[in-house]
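Listed below, chain by chain, are the residues.
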Amino acid sequence: MKLHTLKPAEGSVKNRKRIGRGTGSGRGGTSTRGHKGAKSRSGYKSKLGFEGGQMPLQRRVPKFGFKSLNRIECKPINLTALQELSEKFNLDTVTFDVLVEHGLVSKKDVVKVLGRGELTAKLNVSAHYFSASAAEAIEKVGGTVNKI
């Protein structure tokens, strides 16, 4: 094989469609744009969501709810996750850094510990927020709750 013998694969290279080069070419006249209407004109550009004058979907669908500008989005960590973490890695303290290290949260996350599941291990847990049920469950087993 030499450079001068190289060829593209059979059928991979096609000639481009030459539009508007007379009626004999098969693509003259309207140049594949059809008759009349905005799409046939030069300079046509459709607006995003435009449906040809029909009421667009984003205006037809009823609106509800809102998101507060002052909201704090927390990453939820349940007691089951803490229990599994303590069993798997034999931990007695769970801090934010430990959660980041084991890939449960990222550095930028705000963590809230929630009370789903059961906790049997005595843990010292440090997080940004705790639900009442989670704090109660941790203290019930003999652990401590530390807010960051």
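Residues numbered from 1 in each chain as written. Predicted model: local features only at pLDDT ≥ 70, side-chain atom pairs only at ≥ 80, totals over all residues. Heavy atoms only, no water.

Here we come to the UniProt feature "domain: Large ribosomal subunit protein uL15/eL18" (unreviewed entry) in the protein. According to UniProt, the positions carrying the feature "domain: Large ribosomal subunit protein uL15/eL18" (unreviewed entry) are residues 76-145. For the annotated span residues 76-145, helix accounts for 37% and strand for 26% of the residues, and the straight-line distance between the end C-alpha atoms is 16 Å. (UniProt positions renumbered as here; feature names shortened; annotations may be inferred. Helix = DSSP H or I, 4+ residues; strand = E, 2+ residues; numbered from the N terminus.)

Here we come to the pairing of strand 4 (residues 124-127). Relative to strand 4, strand 2 (residues 93-94) runs parallel, the two being bridged by two bridges. Looking at strand 4, one finds that Val94 is bridged to Val125. (Pairing = 2+ DSSP bridges.)

Looking now at the sheet that holds strand 2. Strand order across the open sheet formed by three strands is 2-4-6, with parallel pairing between neighbours. Only two strands of the sheet have a single partner each, and these edge strands are strand 2 and strand 6 (144-147).

So, on to the pattern of salt bridges. The full count for this structure, using the stated rule, is two salt bridges. Note that Arg60 and Glu51 form a salt bridge whose closest N and O atoms lie 2.8 Å from each other. Residue Arg60 is classed as partly exposed on the basis of its relative accessible area of 45%. For the salt bridge of Glu73 with Arg71, the shortest nitrogen-to-oxygen distance reads 3.0 Å. On the accessibility criterion, Glu73 (54% relative accessible area) is exposed. (Salt bridge = Lys/Arg side-chain N within 4 Å of Asp/Glu carboxyl O. Buried < 20%, exposed > 50% of the residue type's maximum accessible area, 1.4 Å probe, protein only.)

With parallel pairing, the three strands of this open sheet are ordered in space as 1-3-5. A single partner strand is all that each edge strand has here, and the edge strands are strand 1 (74-78) and strand 5 (129-130). Note: strand 1 against strand 3 (residues 110-114), five bridges, orientation parallel. Within strand 3, the residue paired with Lys75 across the bridge is Val111. Those strands touched by helix 2 (residues 79-89) are strand 1 and strand 3, and its axis lies near 60° from that of strand 1. (Contact = heavy atoms within 4.5 Å. Axes fitted to C-alpha atoms, helices over the stretch in contact; angles between N-to-C directions.)

This part is about the side chain of Asn78. If you trace the backbone, Asn78 turns up in strand 1. Of the polar contacts made by the side chain of Asn78, one reaches the backbone nitrogen of Arg116; its length is 3.4 Å. In contact with Asn78, not counting residues within four places along its chain, are Leu114, Gly115 and Arg116. (Polar contact = N/O pair within 3.5 Å; in protein donor to acceptor, adjacent residues only side chain to side chain.)

The subject of this paragraph is helix 2. For helix 2, the complete set of buried residues consists of Leu79, Leu82, Gln83, Leu85 and Ser86. Down the axis of helix 2, the buried side of the element spans an arc of 165°, and every buried residue falls inside it. Opposite its buried face, helix 2 presents the exposed residues Glu84, Glu87 and Lys88, each directed more than 90 degrees away. Against strand 1, strand 2, helix 3 (96-101), strand 3, strand 4 and helix 4 (132-140) lie the buried residues of helix 2. (Arc of directions from axis to C-beta.)

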